[in-house]
Amino acid sequence: MSEITTDLKSLHEATLNNLKNSKANNTLRAYKSDFKDFGAFCANHGLNSLPTEPKIVSLYLTHLSKNSKISTLRRRLVSISMVHKLKGYYLDTKHPIIVENLMGIRRVKGSIQKGKKPILINHLKSIINVINEQKTEEIKKLRDKSLILTGFGGGFRRTELISIDYEDLEFVPEGLKIIIKKSKTDQFGEGMVKGLPYFTNEIYCPVTNLKKWLEISKINSGPIFRRFSKGLSLTNQRLTDQSLVLIMKEYLNLAGIENKNFAGHSLRSGFATVAAESGADERSIMAMTGHKTTQMVRRYIRDANIFKNNALNKIKL
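The residue numbers shown here count from 1 along each chain, following its written sequence. For this predicted model, a pLDDT threshold of at least 70 governs which residues receive local features, and a threshold of 80 or more governs which side-chain atom pairs are given and counted, while totals over whole chains, interfaces and linings are taken from all residues. Values reported for side chains reflect all heavy atoms of the structure, with hydrogen atoms and water molecules removed beforehand.

Colleague: I would appreciate a short explanation of the environment of A255 in the present structure.
Modeller: Here A255 lies in the loop between α10 (241–254) and α11 (265–277). For the pair A255 and I128, spaced 127 residues apart in sequence, the C-alpha to C-alpha distance is 9.4 Å. Not counting residues up to four positions away in its chain, the partners in contact with A255 are S126 and V130. Each helix is a run of H or I in the DSSP string that is no shorter than four residues. Each strand is a run of E no shorter than two, and both are numbered from the N terminus. What makes two residues a contact is simply this: any of their non-hydrogen atoms within 4.5 Å.

Colleague: Looking at this structure, I do not really get the environment of F228. What am I missing?
Modeller: With respect to the helices and strands, the residue F228 is situated in strand β4 (residues 226–229). Residues F228 and I139, spaced 89 residues apart in sequence, show a C-alpha to C-alpha distance of 10.0 Å. Each residue touching F228, except ones within four places of it in the same chain, is listed here: I139, K140, R143, W213, S233, L234 and T235.

Colleague: How do you make sense of the pattern of salt bridges when you look at a structure like this?
Modeller: Opposite charge on two side chains makes pairing possible when the charged atoms of those side chains draw close. What makes a salt bridge here is a side-chain nitrogen of Lys or Arg within 4 Å of a carboxyl oxygen of Asp or Glu, nothing more. For the structure shown, the criterion picks out eleven salt bridges. Here D37 makes a salt bridge to R76, at a shortest N to O gap of 3.0 Å. Taken together, the positions of D37 in helix α2 (residues 25–44) and R76 in helix α4 (residues 70–86) put the pair 39 residues apart, joining distant regions of the chain. The partner of D144 in a salt bridge is K140, with the nearest N and O atoms 2.7 Å apart. Taken together, the positions of D144 and K140, both in helix α7 (residues 138–153) and four residues apart, correspond to about one turn of that helix. When accessible area is computed with a 1.4 Å probe and restricted to protein chains, residues below 20% of their type maximum are described as buried, those above 50% as exposed, and intermediate ones as partly exposed. Judged by its relative accessible area of 0%, D144 is buried. Judged by its relative accessible area of 17%, K140 falls in the buried class. Each member of the salt-bridge network shares a partner with another, and the members are D34, D37, R75 and R76.

Colleague: Which parts of the structure should I look at to understand the packing of α11 against helix α13 (residues 294–304)?
Modeller: It is at 8 Å that the axes of α11 and α13 come closest, and there the two elements cross at 60°. On the basis of the axis angle, α11 is oblique to α13. Crossing of α11 against α13: the hand is right-handed. On α13, the residues touching H265, S269, A272, T273, A276 and E277 of α11 are Y300, I301 and A304. Residue type decides the class: Asp, Glu, Lys and Arg count as charged, Ala, Val, Leu, Ile, Met, Phe, Trp, Tyr, Cys and Pro as nonpolar, and the leftover types, Gly among them, as polar. Residue composition of the contact of α11 with α13, grouped by class: five nonpolar, three polar and one charged. Axes here refer to lines fitted to C-alpha atoms; in helices the fit is confined to the stretch in contact. Angles between the N-to-C directions go from 0 to 180 degrees. Should an angle fall under 35 degrees it is taken as roughly parallel, and over 145 as roughly antiparallel, whereas 65 to 115 is taken as roughly perpendicular and any remaining angle as oblique. By convention, the crossing between two helices is left-handed when the near helix turns anticlockwise from the far helix through less than a right angle, and right-handed when the turn is clockwise.

Colleague: Sorry if this is basic, but what is going on with the confidence of the model for the chain here?
Modeller: Interpretation of this model should avoid reading the predicted coordinates in detail wherever pLDDT is low. Within the chain, residue pLDDT values average 86, and 87% of them lie at 70 or more. By definition, pLDDT measures how confident the predictor is in each residue, and it falls between 0 and 100. No element of the chain has a lower mean pLDDT than helix α1 (residues 2–21), which averages 60, and none a higher one than helix α9 (residues 206–217), which averages 97.

Colleague: Please clarify how the environment of L244 should be interpreted in this entry.
Modeller: Take L244: it is sitting in helix α10. Apart from residues lying up to four places away in sequence, L244 is in contact with L147, R158, L161 and L267.

Colleague: What's the story with unusual backbone geometry in this structure? I'm lost.
Modeller: Keep in mind that most residues, glycine aside, have a negative phi and that most peptide bonds are trans. The omega torsion of the bond from L50 to P51 falls at -5°, within 30 degrees of zero and hence cis. Mapped onto the fold, P51 is located in the loop between α2 and α3 (54–64). Although it is not a glycine, K218 adopts a positive phi angle of roughly 60°. Mapped onto the elements of the fold, K218 is located in the loop between α9 and β4. The phi dihedral of L232 falls on the positive side, at around 60°, and the residue is not glycine. With respect to the helices and strands, L232 occurs in the loop between β4 and β5 (233–238). A relative accessible area of 25% places L232 in the partly exposed class.

Rendered as structure tokens:
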């Protein structure tokens with residue numbers, strides 16, 4: 001009997017470990033951060049957070065709804081559910097008290113969410129122009145230009161962008177192939193290859209600028225986007241995804257563009273929006289961005305065409 005019990009315990013531990021490994025580290029950190037807030041709410045009101053029950057979760061969502069978007073509420077619900085699974089507990093997130101409460105909150109608040117602004121062509125050119133105007137070392141200018149142009153040109157998520165290694169690059173006559181080893185929607189690490197062609201205008205060409213960056217930095221292995229230490233000495237340390245956001249916002253500010261509503265996602269959404277404006281179909285956009293469903297891509301296309309296909313254009317005044 002004890003052997004069976006020991007075997008079941010081992011299987012239980014292995015199952016929990018499989019659940020953990022099914023999620024990326026960033027995702028697990030997000031779950032823990034969200035659950036920490038839920039735990040604080042429960043502690044303040046004398047409620048159990050782990051295991052908890054649908055009624056308590058519903059109260060928490062009502063509490064959150066005062067100052068949070070519907071998307072935030074849904075993400076917190078997923079986090080609470082996943083932490084329960086990882087700890088071996090069951091939580092019925094489809095319970096009517098949760099589902100109907102969310103429906104009621106959605107009706108009261110409305111479901112249209114205002115996202116971060118995309119980096120469009122005029123923004124991109126302004127950023128590159130202002131980088132070129134800076135009185136700083138050429139090596140820093142080239143790092144920042146190649147970082148932003150590559151991020152935009154490949155429709156990268158910021159974690160994908162800063163994770164690129166020299167070994168992931170292949171320069172070919174048509175441009176540059178970049179291997180993405182793993183991404184948010186590729187949890188099993190099957191990978192994908194993105195192709196960046198040469199631009200006619202070299203000033204804004206991601207391939208040309210990246211080549212120059214690799215030449216001046218003498219990087220021939222490991223991370224391609226690295227931090228500088230004091231005195232602009234290049235280190236072996238990879239840039240963080242937050243560094244990308246700060247660099248981008250700094251140049252937006254220097255270019256005189258209000259930067260509060262831009263984020264790391266702005267390069268990716270900017271690529272998709274500009275590609276849609278230029279007539280690219282959803283399949284070719286998805287091939288570059290790695291989106292697995294058409295829902296978000298169609299939103300970019302819809303936003304890009306809001307004036308192009310506007311019925312008011314047919315009205316003559």
